[in-house]
Amino acid sequence: MIRSVLVIGSGTMGHGIAEVSAIAGYNVYLSDISKDILDNAMQKIRWSLEKLYEKGNLKESVENVLGRIKTIIGLPNELREIDISIEAIPEKLDLKRQLFSKLEELLPNSAILATNTSSLPITEIAMAVKRQERVIGTHFFNPPVLMQLVEIIRGSKTSDETVKQTYEFIKSLGKRPIIVNKDVPGFVVNRILLRIITTACMLIENGVCDYTTVDAVARYKLGFPMGVFELVDYTGVDVNYYVSSAMIERGFKAYPCRTLEEMSKKGYLGVKTGKGFYTYPSNKYIKPNLPPQLAEKLNPLYIIAPAIIEANWMVKNGVASREDIDLGVRLGLSFPKGIFDYEREYGRENVVKALEELKKISNMEEYLSE
């Protein structure tokens, strides 16, 4: 039974995970490398809790919830009673391995060792510990307080008991967990998203259309909350380049987007630098103005068909269930419907035809693989 939670790393994801754990009634230790960093994180948690309280979304006082969070510098020996640790430090494999090795020494043998990684394989992180059966992925989405989805990812040696306990813990936070049964690059949601982004990039680099056409189709025909390149700008051009490159290096067969690489090198990183595919005055997000008629210039299946075939591949290979994949894209990407809903809507024959056309444009075999 899980009673106490350790969160390592108090950045955006870490302090958000600590907050939702405390709201759910758990005693939380929040660890980072300095008092200043931790103080800043606690100020952000207080601000968030006060907003929730004002809206009537917090059942108890802000002070009560804050009273369940204890900040600690580093990893002192007092952490003997921890039931689950959730790592939320930078996405560097060596750093994570060093941390997990230390956690194994400090924490009880029964403690679950979870990682919030969005791109690194759970199996590779788990190699740093002897008891790999208790290492698992818990991929929260940003911001953790508002986003319902959490991907629970098995490493190659994660035990069924670890999966069961983690699933129940995530549900107790009021979140909607999905199970990723195989440790594939990108897990479920990023795998679907990257298939869409890399295909959109392939279309513009091969002169089929420009980025505004892609975004108009995504917004007006597919009902996405953001255009594909608008989302890349919002989350960071460099972040998308890094994640896609890391996935491709680990065997995800996809079109390598030269545009993202070139823009990253030039410092055109999207909203945070004021310029990406679109321009953002004062480095603040403004929804791009896209004429609806642009959406008539491209077959929507050119964007969604690769994601449909990817989803089918994941089901066929036991990565995740149809239900969990559909839940993942609805909650994690805010799609108006599941991937398999798109497949039913457009028809299998039309999906296959679009994939054949994409293969001719790109000369890449994966547009026909399943």
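Trainee: How should I be thinking about the state of the cysteines in this particular structure?
Mentor: Linking two cysteines covalently via their sulfur atoms produces the bond known as a disulfide. Scanning the entire structure with this criterion turns up 1 disulfide. The disulfide partner of Cys201 is Cys257, and the gap between their sulfur atoms is 1.8 Å. Residues Cys201 and Cys257 are joined through a disulfide that is right-handed, its torsion about the S-S bond being 70°. One end of the pair, Cys201, is in helix α7 (residues 189–205); the other, Cys257, is in the loop between α10 (237–249) and α11 (258–266), and 56 residues separate them in sequence. Both residues of the pair, Cys201 and Cys257, count as buried. For the unlinked cysteine Cys209, the closest cysteine sulfur is that of Cys201, found at 11 Å.

Trainee: What is the right way to read helix α4 (residues 93–106) from this model?
Mentor: Think of an α-helix as turning once every 3.6 residues; residues three or four places apart then point the same way. When the terminal C-alpha atoms of α4 are compared, their 20 Å separation across 14 residues agrees well with the 20 Å that a helix rising 1.5 Å per residue should span. Among the residues making up α4, those that are buried are Leu93, Lys96, Leu99, Phe100, Leu103, Glu104 and Leu106. Taken around the axis of α4, the buried residues stretch over an arc of 160°, which confines them to a single face. Exposed residues on α4 whose side chains face more than 90 degrees from its buried face are Asp94, Gln98 and Glu105. Where α4 is buried, its residues contact β1 (4–8), β4 (84–87), β5 (112–115), α5 (122–126) and β6 (135–140).

Trainee: Can you help me understand the pairing of strand β8 (residues 176–180) in this one?
Mentor: Side-chain direction in a regular strand flips from residue to residue, so the side chains alternate between the two faces of the sheet. Across the 5 residues that make up β8, a large majority, 4, are buried. Strand direction decides the pairing type here: strand β7 (residues 149–154) and β8, joined by 5 bridges, are parallel. Residue pairing across strands places Glu151 opposite Ile178, the latter belonging to β8.

Trainee: I would appreciate a short explanation of the side chain of Glu87 in the present structure.
Mentor: Residue placement: Glu87 occurs in strand β4. Residue classification places Glu87 among the buried residues on the basis of a relative accessible area of 0%. Residue contacts for Glu87: discarding those within four places in its chain leaves Ile8, Lys96, Leu99, Phe100, Ala114, Thr115 and Asn116.

Trainee: How should the packing of α7 against α10 be read in this particular structure?
Mentor: The relative placement of two packed helices is expressed as an angle between their axes plus a distance between the axes. Contact geometry of α7 with α10 gives a least axis separation of 11 Å together with a crossing angle of 105°. Taken together, the axis directions place α7 and α10 in an arrangement best described as roughly perpendicular. Residues Asn190, Arg191, Leu194 and Ile197 of α7 form the contact with α10, whose participating residues are Asn240, Val243, Ser244 and Met247.

Trainee: Explanation requested: the pattern of salt bridges in the structure shown.
Mentor: Pairing between side chains of opposite charge can happen when the charged atoms of each approach one another. For the structure shown, the criterion picks out 21 salt bridges. Residues Arg195 and Glu310 are paired through a salt bridge, measuring 2.7 Å at the closest nitrogen-oxygen approach. Taken as a pair, Arg195 in helix α7 and Glu310 in helix α12 (residues 301–316) lie far apart in primary sequence, 115 residues in all. Between Lys221 and Glu296 there is a salt bridge, and its shortest N-O distance comes to 3.1 Å. Of this pair, Lys221 sits in helix α8 (residues 211–221) while Glu296 sits in the loop between α11 and α12, placing them 75 residues apart in sequence. Of the residues examined, Lys221 reaches a relative accessible area of 35% and is grouped as partly exposed. Residue classification places Glu296 among the exposed residues on the basis of a relative accessible area of 58%. Residues participating in the shared-partner salt-bridge network are Glu87, Glu91 and Lys96.

The rules behind these values
- Residue indices begin from 1 for each chain and proceed along its sequence in written order.
- A pLDDT threshold of at least 70 governs which residues receive local features in this predicted model, and a stricter bar of 80 or more applies before side-chain atom pairs are shown or counted, although totals over entire chains, interfaces and linings include all residues.
- Side-chain metrics rest on all non-hydrogen atoms present in the structure, leaving aside hydrogens and water.
- When two cysteine sulfur atoms lie within 2.5 Å, the pair is treated as a disulfide.
- Put simply, DSSP H or I for four residues or longer makes a helix, DSSP E for two residues or longer makes a strand, and each gets a number counted from the N terminus.
- Buried means the residue's accessible area, taken with a 1.4 Å probe over protein chains only, is under 20% of the maximum for its type, while exposed means over 50%, and partly exposed covers the values in between.
- Here the expected span of a helix is defined as 1.5 Å times the quantity of residues minus one.
- Here the arc refers to the directions that run from the helix axis out to each C-beta atom.
- It only takes one pair of heavy atoms within 4.5 Å for two residues to be counted as in contact.
- Whether two strands pair comes down to DSSP finding at least two bridges between them.
- Axis definition: a line fitted to C-alpha atoms, over the contacting stretch in the case of helices. Angles run 0 to 180 degrees between N-to-C directions.
- Working definition: roughly parallel below 35 degrees, roughly antiparallel above 145 degrees, roughly perpendicular at 65 to 115 degrees, and oblique for all remaining angles.
- One speaks of a salt bridge when a side-chain nitrogen belonging to Lys or Arg is within 4 Å of a carboxyl oxygen belonging to Asp or Glu.

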